[in-house]
Amino acid sequence: MFLEVTPDKDSAFVGEQIAVVVEVWSQVPLGSYPRVPGLKPAGFVCLPLDDGTRLAASQRSLGGRNYYVYPVSRDALFALAPGKNALPVLTVEVSPAGSFFSR
């Protein structure tokens, strides 16, 4: 299981939008996963790109393994000043689907 944070571009001009998607990848179905609040990195204005409803999970393959992919947020970031900026470290708590005995 891993958390993937994917910007749609590596760099942008001041005021130009960078869309960032945060997804949880898991080899087992999840019973619950939280929505991640909007990113708030220093040096950026952050606006949510989704309407607050939970996005549907999908299935993808990576390195010959199948994963359930759960989108947890989509945000638009706008740089306020020139220079290098980094996205903050994120953590998410998840629970596998099924009963206690089948985990």
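Please read these numbers as outputs of a predicted model, since none were measured by experiment.

**Observations concerning the overall build of the protein**
Okay, so step 1: In terms of regular secondary structure, the protein is built from 0 helices and 7 strands.
Okay, so step 2: Going from N to C terminus, the protein has its helices and strands arranged as β-β-β-β-β-β-β.
Okay, so step 3: Residue burial in the protein is summarised as follows: out of 103 residues, 24% are buried.
Okay, so step 4: Sequence-distant contacts in the protein: of pairs separated by 6 or more residues, those separated by 24 or more amount to 70%.
Okay, so step 5: About 6,700 Å² of surface is accessible on the protein, with carbon and sulfur atoms providing 57% of the total.

**Description of the side chain of Ser26**
Okay, so step 1: Relative to the helices and strands, Ser26 resides in strand S2 (residues 17-26).
Okay, so step 2: Residue classification places Ser26 among the buried positions, given a relative accessible area of 0%.

**Considerations on the packing of aromatic side chains**
Okay, so step 1: By the definition in use, this model includes 3 aromatic pairs.
Okay, so step 2: Plain terms: the ring middles of Phe2 and Tyr67 are 5.7 Å apart, the flat faces sit at 75 degrees to each other, and that makes the pair edge-to-face. Of this pair, Phe2 sits in strand S1 (residues 2-7) while Tyr67 sits in strand S6 (residues 65-79), placing them 65 residues apart in sequence.
Okay, so step 3: Chaining the aromatic ring pairs together yields one cluster made of Phe2, Trp25 and Tyr67.

**Regarding the pairing of strand S5 (residues 58-62)**
On a regular strand, each side chain points to the face opposite its neighbour's, so the side chains alternate between the two faces of the sheet.
Okay, so step 1: Pairing between S5 and S6: 5 bridges, direction antiparallel. In the strand pairing of S6, Gln59 is matched with Tyr68.

**Here we look at the confidence of the model for the protein**
Okay, so step 1: Across the protein, pLDDT averages 83, with 86% of residues at or above 70.
Okay, so step 2: Strand S7 (residues 95-96) is the least confidently modelled element of the protein, averaging 75 in pLDDT, while S5 averages 94, the highest of any element.

What counts, and at which threshold
- Residues numbered from 1 in each chain as written.
- Predicted model: local features only at pLDDT ≥ 70, side-chain atom pairs only at ≥ 80, totals over all residues.
- Heavy atoms only, no water.
- Helix = DSSP H or I, 4+ residues; strand = E, 2+ residues; numbered from the N terminus.
- Buried < 20%, exposed > 50% of the residue type's maximum accessible area, 1.4 Å probe, protein only.
- Contact = heavy atoms within 4.5 Å.
- Areas by Shrake-Rupley, 256 points an atom, 1.4 Å probe, with all protein chains shown as cover.
- Phe/Tyr/Trp six-rings, centres within 6.5 Å; stacked < 30°, edge-to-face > 60°.
- Pairing = 2+ DSSP bridges.
- pLDDT = per-residue confidence, 0-100.

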